[in-house]
Amino acid sequence: MDNNNIIKPENLVYKKPTLMNDVPMHYCPGCSHGVVHKLVAEVIEEMGMEEKSVGVSPVGCAVFAYKYIDIDWQEAAHGRAPALATAIKRLWPDRLVFTYQGDGDLACIGTCETIHALNRGENITIVFVNNAIYGMTGGQMAPTTLMGMKTSTCPYGRVASLHGYPLKVPEIAAQLEGTCYVTRQSVDTVAHINKAKKALRKAFEANMAGKGSCLVEFTSTCNSGWKMPPKKANEWMEENMFPFYPQGDLKDTTKE
């Protein structure tokens, strides 16, 4: 073996997060969920909260999140993750508690739990992956589906007179008294991934400092539901989703 080809520790620029379990993922190739999982695992490890973190995953593409990140998890009924997270955090205030939810789960059946948990100022983070479609169950229209966007249940495109308008959850959350940090990020480029990781850590730290509720939305792709290859899906997201779902912080009172 050529010793010059051995990767030395000082040359290592990337490694698998220690908290990521060595199991095959069920997510489709190119899906944003895998990258978001990596960021969650890295932030928890860097904060030294491996033994004091509790994630809550409900129904949808995120249902098997507990298989991939080696922390304590609870399963919640569809849309009810914020209610369960509220109970966990109140019982164990020293724990880092977060939910991991998709847009169909959070913005449709879970709208009530989401809004009220945020409005109460529960010290939890809601990690919200918004791919504008029901990815797991067949590509149906979601509350976040863009105007004119075609899905299996609106094959001619979303129309306001029939389906209403897309729901901007962070914009709603930013108006609530109980939220201290609300942001919208993405993981389509290295630069965006780095920003998203910093945002996620800020949210987790705010919760542990008792500053209130945090919502971190990840504008995401669903190349299977959108019927696009991964590269094209990222391009479509940038061209169509980013203008409607602008990236960046919508509220930050963490320094107050």
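Peer 1: Kindly report on the nonpolar core, identifying the contributing residues and their values.
Peer 2: Counting 36 residues, the largest nonpolar core has I44, I69, F98, L200, F204 and F218 as the members making the most contacts within it. Among the elements that take part in this core, helix α7 (residues 190–208) stands out by supplying seven residues, more than any other. The contacts of I69, once residues within four sequence positions are left out, are L19, M20, N21, H37, V40 and A41.

Peer 1: Please provide a residue-by-residue account of helix α4 (residues 111–120), values included.
Peer 2: Every buried residue belonging to α4 is among E113, T114, A117 and L118, and all of these are buried. Seen from one end, α4 has its buried residues packed into an arc of 120 degrees, which puts them on one side. Buried positions along α4 lie against α2 (81–91), α3 (103–109), β4 (125–130), α6 (169–173), β5 (179–186) and β6 (213–219). Directly after α4, the chain includes G121, whose backbone phi takes a positive value near 75 degrees.

Peer 1: Can you lay out the side chain of T151 for me, pointing to particular residues and giving the numbers?
Peer 2: Tracing the backbone shows T151 in the loop between β4 and α5 (160–163). Look at T151 and you get buried, because its relative accessible area is 7%. From its side chain, T151 meets the backbone nitrogen of C154 in a polar contact 3.2 Å long. Residue contacts for T151: discarding those within four places in its chain leaves I133, G139, Q140, M141 and T145.

Peer 1: I'd like a description of the packing of helix α1 (residues 33–46) against α7, backed by residues and values.
Peer 2: Orientation of α1 relative to α7, taken along the N-to-C sense of each, is 50 degrees, at an axis distance of 10 Å. Taken together, α1 and α7 sit at an angle that is classed as oblique. In this structure, α1 meets α7 at a crossing whose hand is right-handed. Counted together, V35, L39, V40, E42, V43, I44 and E46 of α1 and I193, A196, K197, L200, R201 and F204 of α7 form the full contact between these two elements. Grouping the amino acids of the contact of α1 with α7 by side-chain chemistry returns nine nonpolar, no polar and four charged.

Peer 1: Please set out the packing of α2 against α4 residue by residue, giving values where relevant.
Peer 2: Each pair of packed helices can be summarised by the angle the axes make with each other and by the distance between the axes. The interhelical angle for the contact between α2 and α4, taken along N-to-C directions, is 30 degrees, at an axis separation of 8 Å. Packed against α2, whose contacting residues are P82, A83, T86 and R90, the element α4 presents E113, T114, A117 and R120 at the interface. Tallied by class, the residues present in the contact of α2 with α4 amount to three nonpolar, two polar and three charged.

Peer 1: For the packing of aromatic side chains, give the residues involved together with the corresponding values.
Peer 2: A full pass over the atoms with the stated rule returns six aromatic pairs. Seen from their ring centres, F98 and F204 are 5.5 Å apart, and the 40 degrees between their planes marks the pair as tilted. Here F98, found in strand β3 (residues 96–102), pairs with F204, found in helix α7; they are 106 residues apart in sequence, far enough to count as distant. Comparing F98 with F204, the two get one shared label, buried. Ring geometry for W226 against W236: centres 4.8 Å apart, planes inclined by 55 degrees, an arrangement best described as tilted.

Peer 1: Describe unusual backbone geometry, naming the residues involved and giving the relevant values.
Peer 2: Of note, A132 is a non-glycine position whose phi angle comes to about 65 degrees, a positive value. In this fold, A132 is placed in the loop between β4 and α5. Judged by its relative accessible area of 0%, A132 falls in the buried class. The phi dihedral of K227 falls on the positive side, at around 60 degrees, and the residue is not glycine. By the element assignment, K227 lies in the loop between α8 (223–226) and α9 (230–244). K227 sits in the exposed class, given a relative accessible area of 72%.

Parameters and conventions
Residues numbered from 1 in each chain as written. Predicted model: local features only at pLDDT ≥ 70, side-chain atom pairs only at ≥ 80, totals over all residues. Heavy atoms only, no water. Core = buried A, V, L, I, M, F, W, Y, C linked by side-chain atoms within 4.5 Å. Buried < 20%, exposed > 50% of the residue type's maximum accessible area, 1.4 Å probe, protein only. Helix = DSSP H or I, 4+ residues; strand = E, 2+ residues; numbered from the N terminus. Contact = heavy atoms within 4.5 Å. Arc of directions from axis to C-beta. Polar contact = N/O pair within 3.5 Å; in protein donor to acceptor, adjacent residues only side chain to side chain. Axes fitted to C-alpha atoms, helices over the stretch in contact; angles between N-to-C directions. Parallel < 35°, antiparallel > 145°, perpendicular 65-115°, else oblique. Left-handed = near helix turned anticlockwise from the far one by under 90°. Nonpolar A, V, L, I, M, F, W, Y, C, P; charged D, E, K, R; others polar. Phe/Tyr/Trp six-rings, centres within 6.5 Å; stacked < 30°, edge-to-face > 60°.

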